[in-house]
There are 2 protein chains.
Amino acid sequence: MSKNKIKKVVIVGGTHGNEFTGAYLAKHWLKNPNLVKRDGFKTDVVFANEKAFKEVRRYIDKDLNRSCSQEIIKSANSSLHEEKLAKELNQKIGPKDDREKNADFVIDLHTTTANMGMSLVVSNNSELTWLAASYLSSQFPTLKIYRWQGDEEGAYVNSLGSDGFAIEIGAIPQGVLRADIYKQSEELVYKLLDFLSKLDEVSRTITLYDHVKLVDFPRDEEGEITAMVHQNRQDSDFELIHKSEPMFITFNGETIVYEDDEPLYGVFINEAAYYEKGFAMCLARKIEYSF
Amino acid sequence: MSKNKIKKVVIVGGTHGNEFTGAYLAKHWLKNPNLVKRDGFKTDVVFANEKAFKEVRRYIDKDLNRSCSQEIIKSANSSLHEEKLAKELNQKIGPKDDREKNADFVIDLHTTTANMGMSLVVSNNSELTWLAASYLSSQFPTLKIYRWQGDEEGAYVNSLGSDGFAIEIGAIPQGVLRADIYKQSEELVYKLLDFLSKLDEVSRTITLYDHVKLVDFPRDEEGEITAMVHQNRQDSDFELIHKSEPMFITFNGETIVYEDDEPLYGVFINEAAYYEKGFAMCLARKIEYSF
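One structure accompanies this document, and this report is about it.

Conventions adopted
Residues numbered from 1 in each chain as written. Chains lettered and ligands numbered in written order. Predicted model: local features only at pLDDT ≥ 70, side-chain atom pairs only at ≥ 80, totals over all residues. Heavy atoms only, no water. Helix = DSSP H or I, 4+ residues; strand = E, 2+ residues; numbered from the N terminus. Buried < 20%, exposed > 50% of the residue type's maximum accessible area, 1.4 Å probe, protein only. Contact = heavy atoms within 4.5 Å. Areas by Shrake-Rupley, 256 points an atom, 1.4 Å probe, with all protein chains shown as cover. Buried area = accessible area lost by both parts, 1.4 Å probe. Salt bridge = Lys/Arg side-chain N within 4 Å of Asp/Glu carboxyl O. Polar contact = N/O pair within 3.5 Å; in protein donor to acceptor, adjacent residues only side chain to side chain. Pairing = 2+ DSSP bridges. Axes fitted to C-alpha atoms, helices over the stretch in contact; angles between N-to-C directions. Phe/Tyr/Trp six-rings, centres within 6.5 Å; stacked < 30°, edge-to-face > 60°. Expected span 1.5 Å × (residues − 1). Parallel < 35°, antiparallel > 145°, perpendicular 65-115°, else oblique. Left-handed = near helix turned anticlockwise from the far one by under 90°. Nonpolar A, V, L, I, M, F, W, Y, C, P; charged D, E, K, R; others polar. Least-squares fit on C-alpha atoms with pLDDT ≥ 70 in both.

### Here we look at the overall build of chain A
Then comes step 1: Per the secondary structure count, chain A includes six helices and 13 strands.
Then comes step 2: Counting only residues that meet the buried cut, chain A has 55% of its 291 residues in that class.
Then comes step 3: Look at the contacts in chain A between residues 6 or more apart in sequence, and 69% of them connect residues 24 or more apart.
Then comes step 4: When the accessible surface of chain A is summed, it comes to about 12,500 Å², and 47% of that surface belongs to carbon and sulfur atoms.

Structural data, given as structure tokens:
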């Protein structure tokens, strides 16, 4: 929620070639993109390590999920397979060192031989990440959240994007698919996408008419009003009033104009209850307000 | 969203006795409370000024929507009708000067003779108020937001609660009902209640397992492991480990126990991929994390 708009969510499967659940989910979604499509943002699915998957290994040269550090991504030459992959992922998800990233939210799919059940491994402190984690906790009562702070610098795949986390589900052996764990991962991702889509309805920038001042009716020495709201001003709430435009018309038919240099918007123009309060309208400035 | 939980929403109608839309909506909801009932919080409907309504007047002695100041609420004696009402409202909605209020969100229903269309008059800066305003803007494209900063101290009815705003719809004469404006007000309130109910799904406090340290397998001088995860520890992820409880069992059958004083939770216990990384499990502290 720290940003105004989620534009892209990236789901990564096959980060570890022998963690089949995420790998097969990614393949499934690449074939059926509508399953992960939601209103308000684009969803990309990335199969991260095809080569390791084919060899049913976690990685070829080194752990991809420990290779997304700034140092590796910035290095001029990388002969290691996963370092090359990390650089490619950085193009798709990052850039890691840029505030403007391709992916606003990264979901990285993992499994573990440990008996962790459904769990999230969170290693960033952004508000949206925690909101999403909290929402999923409310939807999946058994879901556990593990905050990883073991690294000096995040080198996880999900660290390339602005927000996100890894999903870890187990216990399941490497190189094995289980329908129950596949389904759990799938449901978790769908709920998360639904949440991100709903969240996106609320912009953090709002157009508002900010009160500047009150304008009283023209009055005589006894305080009696000497003019009415001008017929061209009547009913024009939330419309801009420029210098020299009519504001009031006297009972003699003389027009009284707006004299300020700054154009402002009229609000509560000719509200009955405000005659006694001593104003004919409010003037407001239109602003974009971010909160 | 600045709080963890919305417990009560209060809808106030009839704040001004001659603004019939809110008055009749309040009467309707008092008879049919299910219409404003939502999951996650209690909704109260208050008819604010019966006497002024009967006399088809904005107020009897003074404007109720300018009477909810600290000074009036704290005053020992109030002979004025609306000052007494303000004190009663403060009991139902406030207390105004207390962080713990009865109402977390106040919706105060008004109409105006000005041609304001559907609008909100916002006079507080809380995040939840602005989120709600922003959400309603997205749902009602013609909705206008007017931020009122004309008072030194808020004396509006909605200032008694933590969050909220006034709904102003017009143009409509005083003492008149119009079906179109009645319906607009009704829909605005329903959408707002739906939003507050959805929002409430996300708690801002989350239970998490916070990483403390890694525990390696016992190893010999060559770095070979000399023990396995103990059978009582296996599969016990997210369970508490107390001092002297088994951690490992050597190939000779000797138990190796946990020696720290602080009980911690095991995570990633016996994850295959971590043998080479040099740890048998992570230890974590269970905390309540607020964000």
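Read on for the rest.
### A few points about the environment of L80(B)
Residue and element names in this part refer to chain B.
Then comes step 1: Structurally, L80 is set in the loop between α3 (70-74) and α4 (81-93).
Then comes step 2: Residue class for L80 comes out partly exposed when judged on its relative accessible area of 30%.
Then comes step 3: Through-space distance from the C-alpha of L80 to that of K62 is 7.4 Å; in sequence the pair is 18 residues apart.
Then comes step 4: The residues contacting L80, other than those within four sequence positions of it, are D61 and K62.

### Re the interface of chain A and chain B
Then comes step 1: At the junction of the two partners, chain A supplies 63 residues and chain B supplies 63 residues.
Then comes step 2: Interface area for chain A against chain B, summed over the two sides, is near 5,300 Å², with a carbon-plus-sulfur share of 57%.
Then comes step 3: On the chain A side of the contact with chain B, Y146(A), R147(A) and F268(A) bury the most area, a combined 11% of that side's loss.
Then comes step 4: Connecting chain A to chain B are four salt bridges.
Then comes step 5: At the boundary of chain A with chain B, the tally comes to 28 residue pairs in polar contact (both at pLDDT 80 or more).
Then comes step 6: Listing elements by their share of the side of chain A that touches chain B, those giving two or more residues are β4 (117-122), α5 (127-139), β5 (144-147), α6 (179-199), β7 (205-215) and β13 (281-290) of chain A.
Then comes step 7: If you tally residues by element for the side of chain A that touches chain B, the top one is α5(A), at nine residues.
Then comes step 8: Across two bridges, the pairing between β5(A) and strand β7 (residues 205-215) of chain B is parallel. If you follow Y146(A) over to β7(B), its bridge partner there is Y209(B).

### Remarks on the sheet that holds strand β11 (residues 255-257) of chain B
Residues and elements named next belong to chain B.
Then comes step 1: Read across the open sheet, the three strands follow the order β8-β10-β11; overall the sheet is antiparallel. The sheet is open, and its two borders are formed by β8 (227-229) and β11, each paired with just one other strand. Strand after strand, the sheet turns through a mean of 35 degrees between neighbouring axes, direction not considered.
Then comes step 2: Alignment of strand β10 (residues 246-250) against β11, held across three bridges, turns out to be antiparallel.

### Here we look at the packing of aromatic side chains
Then comes step 1: Under the defined criterion, the tally for this structure stands at 32 aromatic pairs over all chains.
Then comes step 2: Ring centres of F47(B) and F53(B) lie 5.2 Å apart, and the angle between their planes is 75 degrees; on these two criteria the pair is classed as edge-to-face.
Then comes step 3: The buried category is assigned to F53(B), whose relative accessible area is 10%.
Then comes step 4: Grouping aromatic residues by their ring pairs yields a cluster made of Y146(A), W148(A), F268(B), Y274(B) and F279(B).

### Let's talk about the side chain of S126(A)
All names here are of chain A.
Then comes step 1: With respect to the helices, strands and loops of the structure, S126 is situated in the loop between β4 and α5.
Then comes step 2: Engagement of the side chain of S126 in a polar contact is seen with the side chain of T129, the distance being 2.8 Å.
Then comes step 3: Each residue touching S126, except ones within four places of it in the same chain, is listed here: S162 and D163.

### Some details on unusual backbone geometry
Residues and elements named next belong to chain A.
Then comes step 1: Residue A171 is bonded to the preceding G170 through a cis peptide linkage, with omega at 10 degrees.
Then comes step 2: Along the polypeptide, A171 turns up in the loop between β6 (163-170) and α6.
Then comes step 3: Unlike most non-glycine residues, S244 shows phi in positive territory, near 80 degrees.
Then comes step 4: Secondary-structure assignment places S244 in the loop between β9 (240-241) and β10 (246-250).
Then comes step 5: Taking the relative accessible area as the measure of exposure, S244 reaches 51% and is therefore exposed.

### Looking at helix α4 (residues 81-93) of chain A
Then comes step 1: The end-to-end C-alpha separation of α4(A) is 18 Å, in line with the 18 Å expected for 13 residues at 1.5 Å each.
Then comes step 2: Those residues of α4(A) hidden inside the fold are in contact with β1 (8-13), β2 (42-47), α2 (50-54), α3 (70-74) and β3 (105-111) of chain A.

### Quick look at the packing of helix α5 (residues 127-139) of chain B against helix α6 (residues 179-199) of chain B
Residue and element names in this part refer to chain B.
Then comes step 1: Where α5 contacts α6, the axes come no closer than 10 Å and their chain directions differ by 125 degrees. Between α5 and α6, the interaxial angle falls into the category oblique. For α5 against α6, the interelement crossing comes out right-handed. On α6, the residues that touch L128, L131, A132, Y135, L136 and Q139 of α5 are L188, K191, L192, F195, L196, K198 and L199.
Then comes step 2: Residues that form the contact of α5 with α6 fall into these classes: 10 nonpolar, one polar and two charged.

### Notes on the relation of the copies chain A and chain B
Then comes step 1: Mapping chain A onto chain B calls for a screw motion: a turn of 180 degrees about the axis and a shift of 0.0 Å along it, with 0.1 Å RMSD after fitting. Such a combination of turn and shift is consistent with a two-fold rotation axis.
Then comes step 2: In this assembly, 100% of the residues forming the interface of chain A have copies in chain B that are likewise at the interface, indicating an isologous arrangement.

### A word on the pairing of strand β6 (residues 163-170) of chain B
Residues and elements named next belong to chain B.
Then comes step 1: With eight of eight residues buried, β6 lies mostly within the body of the structure.
Then comes step 2: Pairing analysis gives seven bridges linking strand β3 (residues 105-111) to β6, with the strands arranged parallel. Bridge pairing in β6 places L109 opposite I167.
Then comes step 3: Direction of pairing for strand β4 (residues 117-122) relative to β6: antiparallel, over a ladder of five bridges. The partner of G117 across the bridge, within β6, is G170.

### Observations regarding the sheet that holds β2(A)
Then comes step 1: Pairing is mixed across the open sheet formed by 10 strands, whose spatial order is β2(A)-β1(A)-β3(A)-β6(A)-β4(A)-β5(A)-β7(B)-β13(B)-β12(B)-β9(B). Lying at the two open borders of the sheet, with one neighbouring strand each, are β2 of chain A together with β9 (240-241) of chain B.
Then comes step 2: Each of β3, β4, β5 and β6 of chain A together with β7 and β13 (281-290) of chain B is contacted by α5(A), which is oriented at about 35 degrees to β6(A), the strand it contacts most.

### Quick notes on the environment of V157(B)
All names here are of chain B.
Then comes step 1: Positionally, V157 belongs in the loop between β5 (144-147) and β6.
Then comes step 2: In this structure the C-alpha to C-alpha distance between V157 and N65, which are 92 residues apart in sequence, comes to 5.4 Å.
Then comes step 3: In contact with V157, not counting residues within four places along its chain, are V12, T15, L64, N65, C68, L89, I93 and D108.

### Focus: the side chain of H81(A)
Then comes step 1: Looking at where H81(A) falls in the secondary structure, it is placed in helix α4.
Then comes step 2: Judged by its relative accessible area of 17%, H81(A) is buried.

### Things to note about the pattern of salt bridges
Then comes step 1: By the definition in use, this model includes 36 salt bridges over all chains.
Then comes step 2: Close ionic contact of R178(B) with D180(B) constitutes a salt bridge, the shortest N to O distance being 2.8 Å.
Then comes step 3: Within this structure, E19(A), R58(A), D63(A), R66(A) and K277(B) form a network of salt bridges that share partners.

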